[in-house]
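# Structural overview
Here are the chains, one letter per residue:
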Amino acid sequence: MTAVRSLKTPEELLAANLIGSERLEAVRAVADRYAIALTPTVAALIDHTDENDPIARQFVPDGAELVTTPEEREDPIGDAAHSPVKGIVHRYPDRVLLKAVHVCPVYCRFCFRREMVGPQGDGTLAPDELEAALGYIRDNRQIWEVILTGGDPLVLSPRRLAVIMRGLAEIEHVKILRFHTRVPVVEPGRIDDAMIDALKQSGKVVYVALHANHAREMTPQARAACARLVDAGFPMVSQTVLLKGVNDDPAVLGDLMKAFVETRIKPYYLHHPDLAPGTGHFRLDIEEGQKIVSALRGNISGLCQPTYVLDIPGGHGKAVIGENAARRDGGCYSVSDYRGEAHRYPPE
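If you're wondering where the values come from, they're calculated on a predicted model, not measured in any experiment.

Here we take up helix H2 (residues 24–31). Those residues of H2 that sit buried are Leu24, Val27 and Val30. One side of H2 carries all its buried residues, which in axial view fall inside an arc of 120 degrees. Each element contacted by the buried residues of H2 is listed here: helix H1 (10–15).

All right, on to the environment of leucine 98 then. Here leucine 98 shows up in strand E2 (residues 95–99). Here leucine 98 falls in the buried class, since its relative accessible area comes to 0%. Each C-alpha atom, one on leucine 98 and one on glutamine 58, is 25 Å from the other, the two residues being 40 residues apart in sequence. Setting aside its immediate chain neighbours within four residues, leucine 98 contacts Gly87, Ile88, Leu125, Ala133, Val146, Ile147, Leu148, Thr149 and Ile164.

This part is about unusual backbone geometry. Cis geometry is adopted by the peptide bond preceding glycine 151, which originates at glycine 150 and carries an omega value of 20 degrees. Of note, glycine 151 is situated in the loop between strand E3 (145–149) and helix H6 (158–169). Positive phi, normally seen in glycine, also occurs at asparagine 17, with a value near 65 degrees. Relative to the elements of secondary structure, asparagine 17 occurs in the loop between H1 and H2.

A few words on helix H11 (residues 286–296). Of the positions making up H11, those classed as buried are Gly289, Ile292, Val293, Ser294 and Leu296. Contact partners of the buried residues in H11: helix H10 (250–262), strand E7 (265–271) and strand E8 (307–311). With a side-chain oxygen lying 3.2 Å from the backbone nitrogen of glutamate 287, the N-terminal cap of H11 falls on aspartate 285. Remark: glycine 298 follows H11 within two positions and exhibits a positive phi of approximately 85 degrees.

On to the side chain of aspartate 311, then. Among the secondary structure elements, aspartate 311 is positioned in strand E8. Each residue touching aspartate 311, except ones within four places of it in the same chain, is listed here: Ile77, His271, Asp274, Gly317 and Lys318.

In this section: the state of the cysteines. Summed over all chains, the structure comprises 0 disulfides. You can see cysteine 111 has no disulfide; the closest cysteine sulfur is in cysteine 104, sitting 6.2 Å from it. Not engaged in a disulfide, the cysteine cysteine 304 finds its nearest cysteine sulfur in cysteine 226; these two sulfurs lie 15 Å apart.

Looking now at the nonpolar core. Leu18, Leu38, Ile137, Val146, Leu161, Leu168 and Met218 are the most contacted members of the largest nonpolar core, which totals 86 residues. The residues contacting methionine 218, other than those within four sequence positions of it, are Val185, Leu210, Ala212, Arg223, Leu256, Ala259, Phe260, Thr263 and Ile265. With 6 residues, the next largest nonpolar core counts Ala35, Cys104, Cys111 and Val117 among its residues.

What counts and how
Residues numbered from 1 in each chain as written. Predicted model: local features only at pLDDT ≥ 70, side-chain atom pairs only at ≥ 80, totals over all residues. Heavy atoms only, no water. Buried < 20%, exposed > 50% of the residue type's maximum accessible area, 1.4 Å probe, protein only. Helix = DSSP H or I, 4+ residues; strand = E, 2+ residues; numbered from the N terminus. Arc of directions from axis to C-beta. Contact = heavy atoms within 4.5 Å. Polar contact = N/O pair within 3.5 Å; in protein donor to acceptor, adjacent residues only side chain to side chain. Disulfide = S-S within 2.5 Å. Core = buried A, V, L, I, M, F, W, Y, C linked by side-chain atoms within 4.5 Å.

Spelled out as structure tokens, the structure:
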């Protein structure tokens, strides 16, 4: 059954044949704590014959989400510790996050902000809160880049988005705006002329970072939406989370990176999964991730190589955690190639 509107309740998932009746009570328990939403585009991508479907695994609730471990935390990357005013996260000197909205068109089951987003989450900034956030950016002249995230900023109407963009246009020291979004893949029809026009209202350089985790998400409709953004002058980069049962295989991950490059999107970050509550079934250990990333080298184009990163819990920022290919060995270095074979540098 193809959804004709977004699915937001366990009963709607059951009616759409995305869960069986035996899972209904567990999914209801998950829904009591975390938001659910699947757009028609996402629901149509799910293979009902595959119980391990990687699209379903990302978006359909699972009782495993009710299992928490001691190391998990409600704010796994420490946003709150770096939030001087509501809607702002200022972790690095030259850039801030502007979280104008905490609503998404879909809710990923591994979301690191799952305690903040959704109907029960932190909502949308009120006009006075938005003005206070913009005021903070105005008052801190070292801020060169504003990253609009949330939630998904492209769920805002073009009218409301244009208001934010015009507010940022007035801040001379801000040169770069970046949007973190899933909209082009999960609701590609939103990337229309009105949205493009709203994104141009600041007159600044605007980047769009697309979040996708499996090549099947890069449908013809998604690629067309991305083409509209790129053709309008917005460079695109990618964000992907390395997820057990979704993309924890070099061939699967490589197909996604190639799909990005074919769509004129530069692979950017490959995130190690964060310690959000109830997400342990998605996590693999860092060494496994390093082996997957290492397997990409040499086997697919250099254009397709993402940077493997970990957000250090507690608000300490990102660390690059790709395999250390160069190790000091006496008076020289031992360098490993993509096959794992060691070579002396400089050579004898």
